[in-house]
Structure formats: structure tokens, C-alpha cells
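# Fold and contact review
Listed below, chain by chain, are the residues.
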2 protein chains.
Amino acid sequence: MTQKPITIKDIAEKLNISVSTVSRALKDNHEISAQTRKTVQELAKQLGYKPNPIAVALKTHKSHSIGVIVPQIVSTFFATVVKTIEEVADGHGYNVLVISSNESFQKEQKSVEVLMANRADGIILALSHETKDYEHIKMIQESGTPIVLFDRTTNELNVSRVVTDGVTAAFQAVQHLVSEGCKKIALLCGPENVAIGGNRMEGYEKAMEANHLPAKTELIWHCSDFTVEAGKEATRQLLSRKERPDAIFGITDDLAIGAIEAIKEKGLNIPEDIAVVGFSNTKRSRYMNPTVSSINQFPEKIGRAAAELLFDQILNSKHAQIKKEIINCELIVRESSDRLCKTRQMLT
Amino acid sequence: MTQKPITIKDIAEKLNISVSTVSRALKDNHEISAQTRKTVQELAKQLGYKPNPIAVALKTHKSHSIGVIVPQIVSTFFATVVKTIEEVADGHGYNVLVISSNESFQKEQKSVEVLMANRADGIILALSHETKDYEHIKMIQESGTPIVLFDRTTNELNVSRVVTDGVTAAFQAVQHLVSEGCKKIALLCGPENVAIGGNRMEGYEKAMEANHLPAKTELIWHCSDFTVEAGKEATRQLLSRKERPDAIFGITDDLAIGAIEAIKEKGLNIPEDIAVVGFSNTKRSRYMNPTVSSINQFPEKIGRAAAELLFDQILNSKHAQIKKEIINCELIVRESSDRLCKTRQMLT
């Protein structure tokens with residue numbers, strides 16, 4: 001069923017005139033007679049001829065599309081960032097092409113090639129878990145294509161980026177747990193060789209130190225990945241020890257939700273026996289039982305800032321500078337860690 | 001900072017030889033001397049020359065990319081469909097470009113144009129809420145580009161599609177509520193002028209009729225949209241009436257979740273006073289309090305079927321036929337409607 005698109009050549013052949021006459025007639029060039037212009041334009045319409053936009057992009061080096069590469073597509077955080085980028089791009093009359101690297105370095109490289117091949121006018125990207133080599137990002141920069149990294153970035157490149165202040169956010173989360181009377185605060189983080197969440201770990205350690213609490217190695221648990229199951233399994237192990245933690249801080253909501261499942265399974269009370277805080281304020285955290293305290297990273301702000309940095313480069317290429325924007329997070333206290341509220345409820 | 005990509009012409013100028021010699025040298029054509037081939041190839045490497053993949057796609061009519069247009073990107077259902085399409089495409093060595101129409105007919109049309117311009121080898125699409133005109137889909141078909149519609153489809157086109165059996169699924173949901181002893185079963189559906197969910201409404205009406213229950217118009221509530229807030233507002237109104245329903249079936253999980261919030265607000269018990277069932281088994285429905293009975297539409301199966309139908313057209317274009325695949329849904333009973341389980345618990 002393949003059928004090639006109609007070209008100027010097809011029209012020229014049908015009318016037995018030259019390609020350049022057709023081309024000029026379609027552009028309504030007055031060097032061509034009114035009659036010929038009419039004939040050509042009518043036949044073009046009838047055959048469903050459309051000017052080839054890639055050919056136009058090849059000539060003008062403008063596709064009016066930007067590309068966004070995200071590590072995951074099934075993620076409220078990344079989906080919300082993309083949605084906001086789309087809103088900004090819409091405002092500029094640009095289309096947004098989204099590709100998921102699915103946390104694969106190889107797919108991330110290939111996605112960059114695909115977007116470059118499609119003459120994307122700019123690329124916004126969050127690195128995959130696997131990415132440790134940045135040649136593909138350098139390649140984008142060297143080609144002169146505007147690029148902005150967000151959330152999962154690297155200091156190894158001189159590139160515009162939008163990051164959240166994970167250190168301060170994690171510090172606040174731990175400080176809140178201390179205020180609720182917790183002293184043995186465990187940390188659920190990712191595998192040791194994965195850099196993601198390193199700043200959250202740093203914030204945890206700083207807050208523990210500021211409160212003169214020992215951040216013992218047995219309180220820091222490297223989960224096998226970032227899933228609910230991994231958080232549940234890690235918490236089961238933590239709870240089987242002699243000295244039980246009185247709070248668990250998961251560096252993702254899924255890890256925190258896994259912790260909650262393991263705590264419930266053990267018949268312990270949340271937040272009285274163990275308080276729990278997650279990270280990134282997924283929809284789920286708001287509807288769980290108990291509702292889960294979490295960190296709002298403001299994905300809308302991240303998406304907007306990244307898109308604005310990109311369009312600054314696209315539209316003012318000569319004057320655009322490399323910028324780093326830091327988005328502040330916000331701690332949202334919910335049932336899973338609100339011991340004081342629970343006490344108040346019991347007193348009344 | 002714009003820097004044009006290196007072209008064959010740049011190499012030819014630097015070496016003061018013809019473009020066609022460079023082109024042939026890069027293809028290692030033996031009509032060109034070994035020395036010239038070496039010089040050209042080394043310079044090309046040094047300058048970072050890359051063959052222009054769009055130019056290749058323009059010639060070969062193959063981009064090895066497929067496009068997916070979804071109405072929403074912040075949706076576990078659509079994101080999961082996309083993820084599965086990506087897995088199938090990966091297996092065939094194809095890239096997937098995703099565009100969200102954001103429920104806008106105009107953006108859907110533009111997205112089709114962008115993908116056609118990028119020489120997508122095929123398109124998978126779920127229609128936006130607004131789409132009532134299908135000229136853009138016909139345009140894809142007429143160009144010979146393989147296309148598959150999924151979930152939000154239309155009978156007005158002769159096109160391959162993957163749909164779920166929403167009628168049977170909704171029938172099962174209502175039948176389950178009847179088995180739990182419910183008689184006054186309300187339906188929360190979308191705005192009257194929106195066709196989405198029409199088959200779910202049909203299933204509801206069929207089940208009511210099969211059980212000799214009157215599907216009175218006052219039991220059928222057209223919400224202002226498909227959000228939690230709309231479901232909550234509709235349920236508030238339903239509960240303020242003299243004759244209260246004893247069950248609510250929301251044609252989306254968000255509508256059901258809104259219903260649950262309104263029921264709780266009124267101090268009524270779920271499922272004893274009012275049982276609730278939603279549709280599409282979002283993650284949230286599994287973690288809510290109470291957990292929400294829902295319909296699993298198997299987005300993975302939908303994505304796989306759609307991708308396979310598309311690749312059948314791409315790879316066997318001569319023999320591919322237009323097919324309609326129906327994916328059966330599954331009712332998952334959880335706390336929000338499991339009255340019998342609750343009774344058993346109370347007896348023991």
C-alpha cells in the first residue's frame with residue numbers, strides 16, 4: 001500500500017512543463033502566466049501535493065520542532081515536565097517531539113541522533129541512570145544546536161541546566177523528622193554505583209550532623225533499585241535488626257511506599273513507631289493510606305525554566321549565555337510523619 | 001553559537017576537489033584513488049562530518065522512526081501504551097517519537113504534519129476528545145504511511161485499530177455491584193457532547209436492563225469533565241437528593257476517586273452505604289483508602305497489539321490487511337465495592 005508523496009516533478013510531468021515553472025507557479029511568481037499558475041495550483045490541490053517540510057528544514061536549518069529526551073515516560077514527574085515544556089513551545093509555535101531513553105545510555109545516544117537527524121531546533125534532556133559518558137551531549141553542542149539539561153545533569157559539561165536543590169530539600173525532610181522527635185533516622189537510597197540521589201544523601205548526612213545524630217552506616221541502605229518492592233525488601237531487613245529505626249527517609253516516593261508496606265506488614269504504627277518521608281510528591285503519595293509526606297520538586301517550574309533557557313538560545317542565539325537555574329523544593333507534611341498532629345487528635 | 005553541520009561541500013572546498021569525488025571517496029568507491037579516499041575519509045572524521053540522515057530518509061523514504069500521538073502525556077494508561085510500543089519498536093530497530101495532542105484537535109492535526117514531515121515510517125494514534133473530523137487521518141492513509149488507531153478510535157474510517165471491549169467491561173462492573181446487593185447504581189460519565197466512554201455507558205445500561213433495574217435518568221450524571229473534582233462535585237449533588245444511590249460507577253478512576261471523597265465528606269461508609277467502582281486501574285486506585293475496584297484495560301496488551309499491527313504494515317506492506325483487534329478487560333474487585341468481604345470480616 002506504499003504510495004509516494006506527490007512531488008513537483010509529478011505535476012510537471014502531468015502538465016508537460018518544466019519543474020522550475022511548476023515551482024514558480026506554486027509560489028505565485030508573476031513571471032509565470034496567470035493561466036499556468038491557476039492550472040498548476042489546481043492540479044496540485046487535486047493531487048494532494050504538499051511542499052516537503054523536511055526539504056524546507058534542510059534548506060532553512062529550521063524545523064520549528066524541539067526534542068525532549070526523558071529517562072522514563074511512565075513517570076508523573078517527567079510527564080509533567082514535558083507537559084510544561086509543551087505549553088511554552090506552543091506559545092512560540094514550536095512542536096515538541098518526545099523520546100524516552102528508558103534509562104539506557106545506548107538509547108539516549110540514539111535518541112540524540114534521531115533528533116539531530118530530524119533537525120530539531122533544540123534539545124532538552126535528563127540523563128539516564130546509565131549515562132557516564134557525555135560525547136553525545138558534546139556533539140549536540142558542537143553542532144551549534146541549543147541544549148538544556150534538567151534534573152539528571154552533570155558538572156562535567158559546560159551546558160545550561162535546571163536542577164532542584166536536592167541537598168536542601170533532603171536536609172529539610174530530615175530536620176522535620178528530628179522535630180517530630182525521631183532520632184534513629186534511616187535512609188533508603190539507590191544502588192551504590194548509581195549517582196542519582198547523591199545530593200539527597202548529602203542533605204541527609206548534613207542534617208544528621210547538624211543535629212548531632214550519628215548517620216551510622218547501618219542506617220543507610222542501598223536498595224537494589226528505586227521500586228516499591230526494593231523499598232519494601234530493604235525495610236524488612238532494617239526491621240529485622242535489633243536496633244529498629246524510628247524514621248525512614250526514602251529518596252523516592254516508591255521507596256517510601258515500600259517502607260510503609262513493610263512497616264504495616266510488621267504490625268507497627270505509622271507515624272508513632274516509625275515516621276516515613278518520601279521524595280517527589282507523586283499523586284500516589286497524596287492518596288495512600290496513610291498519606292505520605294514528600295518533597296514537591298515543582299516539575300512545572302523545572303519544565304518552564306528549561307524551556308525558557310532553550311528558547312533563549314534558539315531565539316537569541318548570539319546573546320544567549322550558559323545558565324544554571326536552581327529550583328527550590330518544598331516539604332509537604334502528611335500523615336506518614338505528622339506525629340504531633342496525631343498526638344493533638346488523641347488529646348481532643 | 002549556531003554552527004552549521006559539516007557538509008560534503010565543505011570537505012570538497014578544503015581539498016579543492018569536486019563534490020562528487022568526495023561523495024564517492026566517502027563511499028569507498030574504487031574509481032577514486034586509494035590516496036584520495038584516505039585523505040577525504042580522514043578529513044571527514046577530523047571535521048566531524050556525519051552523513052545527513054534526513055537527506056538519506058528523503059531518498060530512501062525510510063527514517064526507521066515511528067510516531068505515536070497521544071491525547072495526554074501525564075497519564076499512566078497512555079504512558080504504559082507508549083512504553084510497550086517502544087519495546088516492540090526497539091526489537092525492530094526503530095525509534096519512537098511521541099507527541100501529545102493535549103486533547104486538542106488542532107494540535108493533533110499539526111502533530112500528524114510534523115511526523116509526516118519527519119518521514120515517520122508509521123503512526124500510532126489515539127484521538128483527542130475534540131476530534132470529530134478525520135481528514136488528517138485520511139491524509140496519512142492516502143500518503144501510503146501505515147497507521148493504527150488505538151483506544152480512542154472511530155468507525156468512520158477504514159483503518160486498523162486496537163480497542164478495548166468497554167461495553168462488556170462496564171457490564172461486568174455493574175453486574176458485580178448487583179451481586180454485592182446494590183440496586184440504585186448511579187453512573188458518573190463525561191460531558192454530554194463528548195463521545196468518550198459511550199461504550200461504558202452502553203454496558204451500564206445493558207447490565208441494568210438485564211437485572212431489571214431502572215436506569216433512571218436521575219442516576220446518570222454527566223460530569224463537567226473527567227477529573228477528581230468533577231466526580232466529587234457530581235457526587236455531592238447526587239447525595240443531596242432524597243433518594244440516595246447505593247453504588248456509584250465512575251467511567252474513569254478519577255471520577256470514582258472524586259465520588260469517594262464526597263461520600264467520606266458526607267460521613268457515609270464505603271462500601272456498606274455506597275459501593276464504588278472506577279475504570280482503568282490507575283496506580284492511585286491501588287493505594288487509595290479504601291482501595292478502589294476498577295477495570296484493568298491492559299495497556300501493555302493494547303500497546304503491543306497496536307505496534308504489531310503497525311509493523312505488519314511497515315514490513316509486509318503488500319500483504320498487510322486492515323484489522324480490528326479487541327482487547328478484553330478485567331474487573332479487579334477491591335475494598336471500595338467488596339461488601340461481602342467486609343461482612344465476612346465482621347462475622348469473624
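Quick look at the structure, then. Since the model is a prediction, treat every value here as computed from it, not as a measurement.

### So, the overall build of chain A
Secondary structure summary: chain A contains 14 helices and 12 strands in total. Against the 2.2 N^0.38 benchmark of 20 Å for 348 residues, chain A shows a C-alpha radius of gyration of 27 Å, more extended than a compact globule. Overall size of chain A, expressed as C-alpha extent along the three principal axes, is 90 × 35 × 35 Å. Counting all 348 residues of chain A, 53% fall into the buried class.

### Considerations on unusual backbone geometry
Here Ile270(A) and Pro271(A) are connected by a cis peptide whose omega angle stands at 5°. Examined against the element boundaries, Pro271(A) turns out to sit in the loop between helix H11 (253-265) and strand E9 (275-277). The omega torsion of the bond from Asn289(B) to Pro290(B) falls at 0°, within 30 degrees of zero and hence cis. Note on placement: Pro290(B) falls in the loop between helix H12 (283-287) and strand E10 (294-296). If you check the backbone angles, Glu103(A) has positive phi at about 60° while not being a glycine. Note on placement: Glu103(A) falls in the loop between strand E2 (95-100) and helix H6 (105-117).

### Topic: the packing of aromatic side chains
Per the counting criterion, the structure on display carries 8 aromatic pairs over all chains. Pairing Tyr94(A) with Phe311(A) gives two aromatic rings, centres 5.0 Å apart and planes at 80°, and the pair type is edge-to-face. Here Tyr94(A) is found in the loop between helix H5 (76-91) and E2, whereas its partner Phe311(A) is found in helix H13 (residues 299-315), with 217 residues between them in sequence. The two residues Tyr94(A) and Phe311(A) agree in class, both being buried. Seen from their ring centres, Phe77(B) and Phe78(B) are 5.1 Å apart, and the 70° between their planes marks the pair as edge-to-face.

### Overview of the sheet that holds strand E8 (residues 247-250) of chain B
Residue and element names in this part refer to chain B. Strand order across the open sheet formed by 4 strands is E7-E6-E8-E9, with parallel pairing between neighbours. Each edge of the sheet is formed by a strand with only one pairing partner; in this case those strands are strand E7 (220-222) and strand E9 (275-277). Within the sheet, the average angular offset between the axes of one strand and its neighbour, ignoring direction, is 20°. With 4 bridges connecting them, strand E6 (residues 185-189) and E8 associate as parallel partners. Its bridge partner being in E8, Ala186 is matched across the sheet by Ile248. Here helix H10 (residues 228-239) sits on the sheet and contacts E6, E7 and E8; the angle it forms with E6, its principal contact strand, is near 145°.

### With respect to helix H8 (residues 166-179) of chain A
All names here are of chain A. A rise of 1.5 Å per residue sets the reference length of H8, with its 14 residues, at 20 Å; its end C-alpha atoms lie 20 Å apart and thus fit the reference within 8%. Of the residues making up H8, those classed as buried are Gly166, Val167, Ala169, Ala170, Ala173, Val174, His176, Leu177 and Val178. Just downstream of H8, Gly181 is the residue with a positive phi angle, here 95°.

### A word on the packing of helix H2 (residues 19-26) of chain B against helix H3 (residues 34-47) of chain B
All names here are of chain B. Where H2 contacts H3, the two axes come as close as 9 Å, and the packing angle between them is 85°. When the interaxial angle is binned, H2 and H3 end up roughly perpendicular. Contacts between H2 and H3 involve Thr21, Val22, Ala25 and Leu26 from the former and Thr36, Arg37, Val40, Gln41 and Ala44 from the latter. Split into classes, the residues belonging to the contact of H2 with H3 amount to 5 nonpolar, 3 polar and 1 charged.

Parameters at a glance
Residues numbered from 1 in each chain as written. Chains lettered and ligands numbered in written order. Predicted model: local features only at pLDDT ≥ 70, side-chain atom pairs only at ≥ 80, totals over all residues. Heavy atoms only, no water. Helix = DSSP H or I, 4+ residues; strand = E, 2+ residues; numbered from the N terminus. Rg over C-alpha atoms; globule rule 2.2 N^0.38 Å. Buried < 20%, exposed > 50% of the residue type's maximum accessible area, 1.4 Å probe, protein only. Phe/Tyr/Trp six-rings, centres within 6.5 Å; stacked < 30°, edge-to-face > 60°. Pairing = 2+ DSSP bridges. Axes fitted to C-alpha atoms, helices over the stretch in contact; angles between N-to-C directions. Contact = heavy atoms within 4.5 Å. Expected span 1.5 Å × (residues − 1). Parallel < 35°, antiparallel > 145°, perpendicular 65-115°, else oblique. Nonpolar A, V, L, I, M, F, W, Y, C, P; charged D, E, K, R; others polar.

Just geometry here; none of it tells us what the structure is for.
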